[in-house]
Amino acid sequence: MDFIFKGMAQGLIWALLALGVYLSYRILDFADLSCEGSITLGASMASMLLTKNVSPIIAVLMAFLVGCVAGAITGLLHTKLKIPPILSGILTMTALFSINLHIMGSANIQLNSVPTLYTQLSGMLHLSKTYLSLILGTVVCLAVMAMLYWFFGTELGASIRATGINENMCRAQGIDTDLTKIIGLAISNGLIALSGAFICQYQGYSNINLGVGAIVIGLASIIIGEAIFSKVKNFFFTLGGIVIGAVIYRIVVAVVLYFNMPTEDVKIMTAFVVIAALFVSKYANKIGKKHPAAKHDKKEEPSIPEEKEVKDNA
Amino acid sequence: MPENNTPMLSLKNVVKTFYAGTVNEKTALNNLCLDLYPGDFVTVIGGNGAGKSTMLNATAGVFPIDGGDVFIDGVNVTKLPEHKRAKYIGRVFQDPMMGTAANMQIEENLAIAARRGKKRTLRWSITQQERAEFKKMLSILGLGLEDRMTAKVGLLSGGQRQALTLLMATLNRPKILLLDEHTAALDPKTAAKVLEITEKVVSENKLTTLMITHNMKDAIKHGNRLIMMHEGRVVVDVSGEEKQKLTVEDLLMLFSRASGSEFASDRAMLSAE
Ligand SMILES: Nc1ncnc2c1ncn2[C@@H]1O[C@H](COP(=O)(O)OP(=O)(O)O)[C@@H](O)[C@H]1O
Ligand SMILES: [Mg+2]
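Conventions used here
- Residues numbered from 1 in each chain as written.
- Chains lettered and ligands numbered in written order.
- Predicted model: local features only at pLDDT ≥ 70, side-chain atom pairs only at ≥ 80, totals over all residues.
- Heavy atoms only, no water.
- Helix = DSSP H or I, 4+ residues; strand = E, 2+ residues; numbered from the N terminus.
- Rg over C-alpha atoms; globule rule 2.2 N^0.38 Å.
- Buried < 20%, exposed > 50% of the residue type's maximum accessible area, 1.4 Å probe, protein only.
- Contact = heavy atoms within 4.5 Å.
- Areas by Shrake-Rupley, 256 points an atom, 1.4 Å probe, with all protein chains shown as cover.
- Domains from an automatic or database assignment.
- Buried area = accessible area lost by both parts, 1.4 Å probe.
- Salt bridge = Lys/Arg side-chain N within 4 Å of Asp/Glu carboxyl O.
- Polar contact = N/O pair within 3.5 Å; in protein donor to acceptor, adjacent residues only side chain to side chain.
- Nonpolar A, V, L, I, M, F, W, Y, C, P; charged D, E, K, R; others polar.
- Pairing = 2+ DSSP bridges.
- Near = heavy atom within 4 Å.
- Lys, Arg positive; Asp, Glu negative; His and termini not counted.
- Axes fitted to C-alpha atoms, helices over the stretch in contact; angles between N-to-C directions.
- Parallel < 35°, antiparallel > 145°, perpendicular 65-115°, else oblique.

**Some words on the overall build of chain B**
Then comes step 1: When its secondary structure is counted, chain B shows ten helices and ten strands.
Then comes step 2: For chain B, the C-alpha radius of gyration of 19 Å lies close to 19 Å, the compact-globule estimate for 273 residues.
Then comes step 3: Along the first, second and third principal axes, the C-alpha atoms of chain B reach 55 × 40 × 40 Å.
Then comes step 4: Relative to its full complement of 273 residues, chain B shows a buried share of 55%.
Then comes step 5: Looking at chain B alone, contacts between residues at least 24 apart form 69% of all its contacts between residues at least 6 apart.
Then comes step 6: Carbon and sulfur atoms make up 52% of the accessible area of chain B, which totals about 11,800 Å².

**Section: the domain arrangement of chain B**
Residue and element names in this part refer to chain B.
Then comes step 1: According to the domain assignment, chain B contains domain 1 (9-88 + 174-270) and domain 2 (95-156).
Then comes step 2: For domain 1 versus domain 2, the separation of C-alpha centres amounts to 28 Å.
Then comes step 3: Residue-level contacts link nine residues of domain 1 with seven residues of domain 2.
Then comes step 4: Between domain 1 and domain 2, a total of about 570 Å² is buried, with carbon and sulfur atoms accounting for 64% of that surface.
Then comes step 5: Sorting the residues of domain 1 by area buried against domain 2 places Lys87, Lys193 and Ile197 first, and these three jointly supply 49% of that buried surface.
Then comes step 6: Seen at the junction of domain 1 and domain 2, the total is zero salt bridges.
Then comes step 7: The interface formed by domain 1 and domain 2 holds two residue pairs in polar contact (both at pLDDT 80 or more) in total.
Then comes step 8: Per-class residue counts for the side of domain 1 that touches domain 2 are six nonpolar, no polar and three charged.

**Comments concerning the pairing of strand S3 (residues 41-46) of chain B**
Residues and elements named next belong to chain B.
Then comes step 1: For S3, the tally of buried residues reaches six of six residues, placing the bulk of the element in the interior.
Then comes step 2: The side-chain alternation of S3 yields two buried faces, one formed by Phe41, Thr43 and Ile45 and the other by Val42, Val44 and Gly46.
Then comes step 3: As paired elements, S3 and strand S8 (residues 208-212) share four bridges and run parallel to each other. Following the sheet pairing, Val44 is matched in S8 by Ile212.
Then comes step 4: Where S3 and strand S9 (residues 225-230) come together, five bridges link them in parallel fashion. If you follow Gly46 over to S9, its bridge partner there is Met229.

**Considerations on the site of ligand 1**
Residues and elements named next belong to chain B.
Then comes step 1: Around ligand 1, the neighbouring residues are Phe18, Tyr19, Lys26, Ala28, Gly47, Asn48, Gly49, Ala50, Gly51, Lys52, Ser53 and Thr54.
Then comes step 2: Within the backbone of Gly49, one N or O atom sits 2.8 Å away from an oxygen atom of ligand 1.
Then comes step 3: For ligand 1, an oxygen atom lies 3.2 Å from a polar atom in the backbone of Ala50.
Then comes step 4: Here ligand 1 has 550 Å² of accessible area as a free molecule, and 66% of this is covered by the chains.
Then comes step 5: Looking at the shell around ligand 1, the elements that each hand over two or more residues are strand S2 (26-36) and helix H1 (52-60).
Then comes step 6: Per element, the largest residue contribution to the shell around ligand 1 is three residues, and it comes from H1.
Then comes step 7: For the shell around ligand 1, the class distribution of residues is four nonpolar, six polar and two charged.

**Describing the side chain of B:Glu181**
Residues and elements named next belong to chain B.
Then comes step 1: Following the sequence through the fold, Glu181 ends up in the loop between strand S7 (176-180) and helix H6 (188-205).
Then comes step 2: Lacking a salt bridge, the buried Glu181 has Lys52 as its closest oppositely charged neighbour, with an N-O distance of 4.7 Å.
Then comes step 3: Among residues more than four places away in sequence, those in contact with Glu181 are Lys52, Gln94, Ile212, Thr213 and His214.

**Quick notes on unusual backbone geometry**
Then comes step 1: Positive phi outside glycine occurs at A:Asn53, with the angle close to 65 degrees.
Then comes step 2: By secondary structure assignment, the location of A:Asn53 is in the loop between helix H2 (35-51) and helix H3 (56-80).
Then comes step 3: For B:Asn13, which is not glycine, the phi dihedral falls at a positive 50 degrees.
Then comes step 4: By secondary structure assignment, the location of B:Asn13 is in strand S1 (residues 9-18).

**Focus: the packing of H2(A) against helix H4 (residues 85-104) of chain A**
Residues and elements named next belong to chain A.
Then comes step 1: Axis separation between H2 and H4 bottoms out at 9 Å; the angle between their running directions is 10 degrees. Between H2 and H4, the interaxial angle falls into the category roughly parallel. Note on element contacts: H4 touches H2 through Met93, Leu96, Ile99, Asn100, Ile103 and Met104, opposite Glu36, Gly37, Ser38, Thr40, Leu41, Ser44, Met45 and Met48.
Then comes step 2: Along the lines of polarity and charge, the residues of the contact of H2 with H4 split into eight nonpolar, five polar and one charged.

**Points about the sheet that holds S1(B)**
Residues and elements named next belong to chain B.
Then comes step 1: An order of S2-S1-S4-S5 is seen for the four strands of this open sheet, with the pairing classed as antiparallel. Taken across any chain shown, the strands that pair with only one partner, and hence form the sheet edges, are S2 and strand S5 (75-76).
Then comes step 2: Pairing between S1 and S2: seven bridges, direction antiparallel. Across the sheet, residue Ser10 finds its bridge partner in S2, namely Asp35.

Have a look at this one:
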């Protein structure tokens, strides 16, 4: 059973990545590829500071802050230089590769000999590392979910949500959509870097390639979470669904590794889980009843061009 | 009907050219001049491509203009970006999808609109008092939306969305209300209902309004002034009693005279129904 708990513990810290990806991909409707760079940035920053004997809490907070800066840069590239979202993200990610190497000073940092959040807390609480990381991961995820729930309920948060849905409406209502995108991307990448800061401490080392494939892991977690929690309306529980999606993803990986399946098969198992999740959600939607008003709306749409044509030829 | 010497909206020699310097170059606004006085309800007609929407977009600051100035209540707003100008302007678009956030609740949309021109802070996005006010305003629309305040706007029909957008545009009394064929995508019955609501909202708040319409009867029936556009300029401008007496035939005549083109072909561009 221990391998399951370990998978869950890892899932809870990778969940921060999933939440960050959810902010950009779903809330802002911005396919942000800088996340692969910012998760490594968080890990690099935190591990570099830890080796300099900075307190783990401060190292984690600094990782969050530099992640925010990275996200803001992607946002600036997109809004001020009008670079398309995908390319803005790729540019930041590429630049971050060099920056991460500079921060770490090498491609690897070992954290075995320095105090981390986990070694400090397990010393204080007399808990095994697995249980400690389960508790810590749960607390951190709940805290982040609560903060996101609050933030996106505020005036500023609502305008960021609206930006991802209808920019045109936002500008007509006086919202500076450049600013809301930059803030949204900053928070998104801050969370992703936070995830990196926990990951490196959990596994005891940091590596320049830590972020490879992060976007897929994030998206897979979101898809699994949304599929299972497709009926959930409350934003807090939607976020909870993403966290659980990330945990499920990590459990799958743990199972693959436990049964000594070749590690190459992790990716194909992921693909199967995501396909299964999509299948389940599609099936659930089919049997679920549609709102009558939604049907009405659909019927009305095709009549719009017809109506115009009649008028033009009158 | 000038009640005041400062126009509420003043477009001075506004020029807007799309694709300048290419074979597709199109001067959509050609030294356009227009003054609207407080309380003016101006209906705008003109053929396709006459520059009507471009005039509204230039007023709202959707794009920078190539020449001229835009004044709102005496303030030169030519250089203000769209989101800053929104403080003075309420807008409803032709496409019912454009004016609201489909994936947000009715009350959330209204709360966003209630903060037009104000700073968006870290305070909660909607207050209990606002909820009560929104409920009252929605019930005046007579569409039953007051009982569906937490429903997603995407579930509403086109007509309901336009009525909601109109409410959002006028929630903070704007200095100018811009309506760009906001009933053109609706079936005739719904269009009539939305126009009725428009008439009510505009007259109750004495809003200075520009309303583009394809329908000449509507253009005659509503407002105190009617302008016709052609090739990026105002070519006909009638108001007061003269406007009250207009008929569709008069308008067609005026249009063919102003545009100097065939009566029959222009007839196709404007509808009498
Ligand atoms: N965003 C735009 N980009 C390029 N051309 C445009 C744009 N908007 C309008 N035009 C052109 O400007 C002219 C006027 O268009 P418009 O103002 O939409 O006319 P109307 O609303 O009177 O039908 C048309 O030739 C149109 O093709
Ligand atoms: Mg138009």
